[in-house]
Amino acid sequence: VQLQASGGGLVQAGGSLRLSCVASGLTFSRYVMGWFRQAPGKEREFVAGTSRSGGTTSVAESVKDRFTISRENTKSTLYLQMNSLKREDTAVYYCAAKSEYAGAATTSHYDYEYWGQGTQVTVSS
């Protein structure tokens, strides 16, 4: 199983980025997916999650109304649209997959079985 995240970079505060995560080696539509992030010296934290169909999503309060998670099962791809970025959004962003046919997205990173390599997002003021 491979989860390949991309789309990170350096952006000014108030700007936007779109992260992508392409999955291979698994039947993507069978997996609940999530985005997490980790800043230096901090715990890995939940950002957003989506059900297997994409019909149900959840986002952390800290990014609510700014970030949107979506997926295209036909392309085995997960997305995270990030708008109105703030300096505190600076982190390495990871995509993750829960175990096959697992329930809804959850906020604990311990619940996720597969992880991408991460993509760096840096927001400057």
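Everything below is about the structure shown above.
First, a word on scope: everything that follows refers to the structure included in this document. (Residues numbered from 1 in each chain as written. Predicted model: local features only at pLDDT ≥ 70, side-chain atom pairs only at ≥ 80, totals over all residues. Heavy atoms only, no water.)

1. Structural notes on the nonpolar core
For the record, the criterion: By nonpolar core is meant a set of buried Ala, Val, Leu, Ile, Met, Phe, Trp, Tyr and Cys residues that side-chain atoms within 4.5 Å join together. Each residue is placed in one exposure class: buried if its accessible area under a 1.4 Å probe, protein chains only, is under 20% of its type's maximum, exposed if it is over 50%, and partly exposed if it falls in between. The secondary structure listing takes helices from DSSP runs of H or I that are at least 4 residues long and strands from runs of E that are at least 2 residues long, numbered from the N terminus.
Within the largest apolar cluster, 33 residues are counted, with the highest numbers of intra-cluster contacts made by Trp35, Val47, Phe67, Leu78, Leu80, Met82 and Tyr93. At the level of elements, β1 (2-6), β3 (17-24), β4 (33-38), β5 (45-50), β7 (67-72), β8 (77-82), β9 (91-98) and β11 (119-124) are the ones that each hand at least two residues to this core.

2. So, the packing of aromatic side chains
As a reminder, the rule being used: Pairing of aromatic side chains requires ring centres within 6.5 Å, counting the rings of Phe and Tyr and the six-membered ring of Trp. Pairs whose planes differ by under 30 degrees are stacked, by over 60 edge-to-face, and all others tilted. In this scheme, Lys NZ or Arg CZ marks a charge over a ring once it lies within 6 Å of the ring centre and within 35 degrees of the ring normal.
Scanning the model with the defined rule gives six aromatic pairs in all. Here Tyr94 and Trp115 contribute two aromatic rings whose centre-to-centre distance is 6.4 Å and whose plane-to-plane angle is 80 degrees, an arrangement assigned as edge-to-face. Highlighted residues: Tyr94 in strand β9 and Trp115 in strand β10 (residues 112-115), separated in sequence by 21 residues. On the accessibility criterion, Tyr94 (15% relative accessible area) is buried. Members of the aromatic cluster, joined through ring pairs, are Phe36, Phe46, Tyr94, Tyr112 and Trp115. Cation over ring: Arg44 sits above Trp115, and NZ or CZ is 4.8 Å from the ring centre. Positioned above the aromatic ring of Tyr112 is the side chain of Lys98, whose terminal nitrogen or guanidinium carbon lies 5.9 Å from the ring centre.

3. Details of the state of the cysteines
Here is the idea: a disulfide is a covalent bond, and it sits between the sulfur atoms of two cysteines. Spelled out, the test is: By convention in this document, the label disulfide applies to cysteine sulfur atom pairs within 2.5 Å.
Taken as a whole and assessed by the stated rule, the structure comprises one disulfide. A sulfur-sulfur distance of 2.1 Å marks the disulfide that ties Cys21 to Cys95. Measuring the twist about the S-S bond at about 65 degrees, one finds the Cys21-Cys95 disulfide to be right-handed. Here Cys21 is found in strand β3, whereas its partner Cys95 is found in strand β9, with 74 residues between them in sequence. Look at Cys95 and you get buried, because its relative accessible area is 0%.

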